[in-house]
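Residue strings, one per chain:
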Amino acid sequence: MEYLFFCSTGSIAIFCLFNFLCQLFFNIFCLFCACKIFTVSQPGGSGCEANLPVHAEEKKLFMIGKIAKVTGSLILGGFVFITYEVLSLKKLLRMDTQALHQEKLKSYIYVHTASLNQSEYQGITYKARKEIHKAVRKILETEAKFFRRPFKEQFSTFDGEDHECALWLLLKRTQSEDKEVRLQAVQDLANNSHWHGYQYGTVAQTCDQRTTIGLARSKDINLRFFLPPPPLPEIKNDYTIEDELRLLLVSLPQTDLDPCVQHFTSLALRESSQILAAQRGGLWCFGGNGLPYCETLSKIPSETVELFCLQALVQHSKVSSHCDKIEAKGGLQLLQRIYQLRKDSAKIQRNIIRIIGNMALDERLHASIVRAGWISVLAEVMKSPHVIQSSHAARALANLDRDAVKEKYLDGVYVLHPQYRSSQPIRADILFVHGLLGAAFKTWRQQDIDRRLDKKASEGQEEYSQCWPKTWLASDCPALRVISVEYDTDLSDWKAKCPVEAHRKSIAYRSNELLDKLRAAGIGDRPLVWVSHSMGGLLVKKMLVDASKNPEMEKIVKNTRGIIFYSVPHHGSQLAEYSMNARYLLFPSAEVKELSKDSPALKELNDDFLSLAKDKKFSVLSFAETLPTHISSMIKLHIVPLESAKLGIGDLIPVDVNHLNICKPKKKDAFLYQHTLKFIQDVLAQELGD
């Protein structure tokens, strides 16, 4: 572009010079013709040298003087114009020393660009405006110095190119001490989608970490705003990724650990030692049964080792002092390497981002996270169509964004909406709590439809929702903050992920653990509606009862407006009865044992909650399943019968679905979702307005 503009400007200068010479020759020719005509009109004249009367001679001299004045003006003007064009050309080819100074030791050198539209930048009006801008700036600078007051920043580049001034002015405003000015400047930067590539590069290299994080949390952000992760140091020849992970785990504290952390760490170290030893021997055995696998299948054990180690690191990252050790031992760079190598493994990448989200809870580590190149990675994952991936990235960025987010989202607490910075004020919170074997996302997905069996239902179907609270509810109620929590549950101790004391799996223990996490996330600061499924409803009731007895948690009870129960076993579940009858085979977990029919603990919890709900006048809506659920190909159970789903207050609505689908609407206009939406809008009518 600069070359084309150079050629264009040079052509204009040559054309102007040629035009000037033509006019000069034309004037001389006119002078010559006038002389000839005047001579012919005199009798006996023999040309310009002939004797002429005095008055005729004066007329000739007058005409010559007049032509000389015009010609002289043209000559002077032509030289001035040519000089101006040369100086302009020199200015256009000069490097931007300001940018060069700011980009020392970096790999980019920036020069000004200009539009190819000559009428835009070469017109008389544009040049006059530029000169006026310069004069105005000097007057304002003089005035500011005379009255000893600061010079307003919006006039500091008043004579610069518009597209260049906007960039540097916005970057300067992102450093403002006024928070509102900073946030608006980041938003204005993010809204620019028409800049040149070098301008995005300028922002990426000059903005601070606060601005970079703000840009990453901006909706539809252009990824050119972010620098790619820096080059990673090479691993020693005799070391592998698995070796590095194992060394990192060994370097972390191994004593006085939470039993769960200790379990995952010892498991990872034991399995990695066995598998790595087998790999180097060329064999890998399943469970030590002697079944050999050749070295070509080493990809499987490599991912297995990494998953074991990453699960252990997730547990360590929940401990603040361990996060310091992970950072000091180069863990952020190692995780970046694994992330880039395992782009085909969503589970590995999800565990890594979960670790980053936990480490981001400590503000002292923010600079290290940014330097390790994680902001560009998280910004890219935020655009993922997969809800689980994007929500993990959203949590990590929210924990990093201390300029716009005051809450902290601990492990297991996810913001479904809003995941980006928004000028929309948050009026209330909606909190989703899953049940037994549930999860923060999959529990709340749209009901699965077999399109081969139900072609009519699939025709004209809107896009499938992986998480209807994130898509449907956020669209219908944008002024709400939607949060979903996740905690581990098991049907049987055979499959326990972390074999710890039974009391830690109890509803009472989980209640205290979740209450602390929810307060850190700001739950209780706004009006609140709870949405729960199955055992999650019992947990909600326990949290409200416990919060009512704790002055520090009292705000949660005070701001609770309503509760929705999806097939909650207020009086026990048949699943517990079935598991207890086969307890020597199934080894029912502590969670299942607590769901026993007519359990004294459940009765006490229900009585305490009813008393609290009536006193605080909570609005309650309950849904009950009417169809049995397939536990296996041979067993069907009505997990929560109608009489167990009956709380004693509020409305109870039976729905012709099984236990798993009671919280999964078939589509957005289905009765289940629409009734849920209406309840939320009714209890929050004052906050949501119209």
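Fair warning: this is a prediction, and the values are worked out from it, not measured in the lab. Each chain carries its own residue numbering, running from 1 in the written order of its sequence. Per-residue local features of the predicted model are confined to residues with pLDDT of at least 70, and side-chain atom pairs are confined, for both listing and counting, to 80 or more; whole-chain, interface and lining totals are unaffected and use all residues. In computing side-chain values, all of the structure's heavy atoms are included and hydrogens and water are not.

Comments concerning helix α17 (residues 374-382)
Here's step 1: For every residue, the accessible area obtained with a 1.4 Å probe (protein chains only) is divided by the maximum for its type, and the residue is called buried under 20%, exposed over 50%, and partly exposed between those limits. Runs of H or I in DSSP of at least four residues are treated as helices and runs of E of at least two as strands, each being numbered from the N terminus. Of all nine residues that make up α17, eight are buried, and the element is covered over most of its length.
Here's step 2: Here α17 has its buried residues at W374, I375, S376, V377, L378, A379, V381 and M382.
Here's step 3: In this description, contact between two residues means that some pair of their heavy atoms is separated by no more than 4.5 Å. Where α17 is buried, its residues contact α9 (209-216), α14 (331-341), α15 (346-359), α16 (366-371) and α18 (387-400).

Section: the pairing of strand β2 (residues 428-433)
Here's step 1: Of all six residues in β2, six are buried; the element is thus mostly enclosed.
Here's step 2: Side chains A428, I430 and F432 project from β2 onto one buried face, and the interleaved D429, L431 and V433 project onto a second face that is buried too.
Here's step 3: Pairing between two strands is assigned when DSSP locates at least 2 bridges connecting them. Alignment of β2 against strand β3 (residues 480-485), held across six bridges, turns out to be parallel. Looking across to β3, one finds that A428 is bridged to L480.

Some words on the pattern of salt bridges
Here's step 1: By definition here, a salt bridge exists when the distance from a side-chain nitrogen of Lys or Arg to a carboxyl oxygen of Asp or Glu is within 4 Å. What the rule picks out here adds up to 19 salt bridges.
Here's step 2: A salt bridge links R217 to D401, with the nearest nitrogen and oxygen atoms 2.8 Å apart. One end of the pair, R217, is in the loop between α9 and α10 (241-251); the other, D401, is in the loop between α18 and β1 (413-417), and 184 residues separate them in sequence. An identical accessibility class is assigned to R217 and D401; each is buried.
Here's step 3: Note that K555 and D525 form a salt bridge whose closest N and O atoms lie 2.9 Å from each other. Of this pair, K555 sits in helix α23 (residues 554-558) while D525 sits in the loop between α21 (507-520) and β4 (528-533); the two residues are 30 residues apart in sequence, bridging distant segments of the chain.
Here's step 4: Looking at D525, the relative accessible area reads 35%, which means it is partly exposed.
Here's step 5: One salt-bridge network, held together by shared partners, links E407, D429, R481 and R526.

Considering the pairing of strand β5 (residues 560-566)
Here's step 1: Judged by how many residues are buried, β5 sits mostly within the fold: six of seven residues are covered.
Here's step 2: Two strands pair when backbone bridges link them, and β4 and β5 are joined in this way by six bridges, in the parallel orientation. Opposite W530, over in β5, you have I563 as the bridge partner.
Here's step 3: Direction of pairing for β5 relative to strand β6 (residues 619-625): parallel, over a ladder of five bridges. Following the sheet pairing, Y566 is matched in β6 by F623.

Considerations on α14
Here's step 1: Most of α14 is tucked away: eight of the 11 residues are buried.
Here's step 2: Within α14, the full set of buried residues consists of G331, L332, L334, L335, Q336, R337, I338 and Y339.

Side note on the sheet that holds β2
Whenever strands of a sheet pair, they do so through backbone hydrogen bonds, lying parallel or antiparallel.
Here's step 1: The sheet built from seven strands is open, its strands ordered β1-β3-β2-β4-β5-β6-β9 with mixed pairing. Each edge of the open sheet is held by one strand with a lone partner, namely β1 and β9 (651-655). Recorded for the sheet is a direction-independent mean angle of 20° between the axes of neighbouring strands.
Here's step 2: One ladder, built from five bridges, connects β2 with β4; its direction is parallel. Looking at the pairing, V433 lines up with S532 of β4.
Here's step 3: Of the strands in this sheet, β2, β3, β4, β5, β6 and β9 touch helix α29 (residues 671-683), which is tilted by about 170° from β6. Only the stretch in contact is used when a helix axis is fitted, and all axes are lines through C-alpha atoms; the angle between N-to-C directions ranges over 0 to 180 degrees.

Topic: unusual backbone geometry
Here's step 1: Put simply, H417 and P418 share a cis peptide bond, and its omega is -5°.
Here's step 2: Along the polypeptide, P418 turns up in the loop between β1 and β2.
Here's step 3: At S534, a residue that is not glycine, the phi angle is positive and equals roughly 55°.
Here's step 4: Along the chain, the position of S534 falls in the loop between β4 and α22 (535-548).
Here's step 5: For S534, a relative accessible area of 6% puts it in the buried group.

Considerations on the packing of α21 against α22
Here's step 1: The contact between α21 and α22 brings their axes to 9 Å, and the two run at 70°. Considered as vectors, α21 and α22 are oriented roughly perpendicular to each other. Read as a crossing pair, α21 and α22 show a hand that is right-handed. Between α21 and α22, the residues in contact are I507, A508, R510, S511, N512, L514, L515 and L518 and L538, L539, K542, M543, D546 and A547, respectively.
Here's step 2: Classes in brief: Ala, Val, Leu, Ile, Met, Phe, Trp, Tyr, Cys and Pro nonpolar; Asp, Glu, Lys and Arg charged; the others, Gly included, polar. A class-by-class count of the residues in the contact of α21 with α22 yields nine nonpolar, two polar and three charged. Roughly parallel here means an angle under 35 degrees, roughly antiparallel means over 145, roughly perpendicular means 65 to 115, and every remaining angle is called oblique. Here is the rule for handedness: rotate from the far helix to the near one, and if that takes an anticlockwise turn smaller than a right angle the crossing is left-handed, while a clockwise turn gives right-handed.

Everything listed here is a matter of geometry and, on its own, says nothing about what the molecule does.
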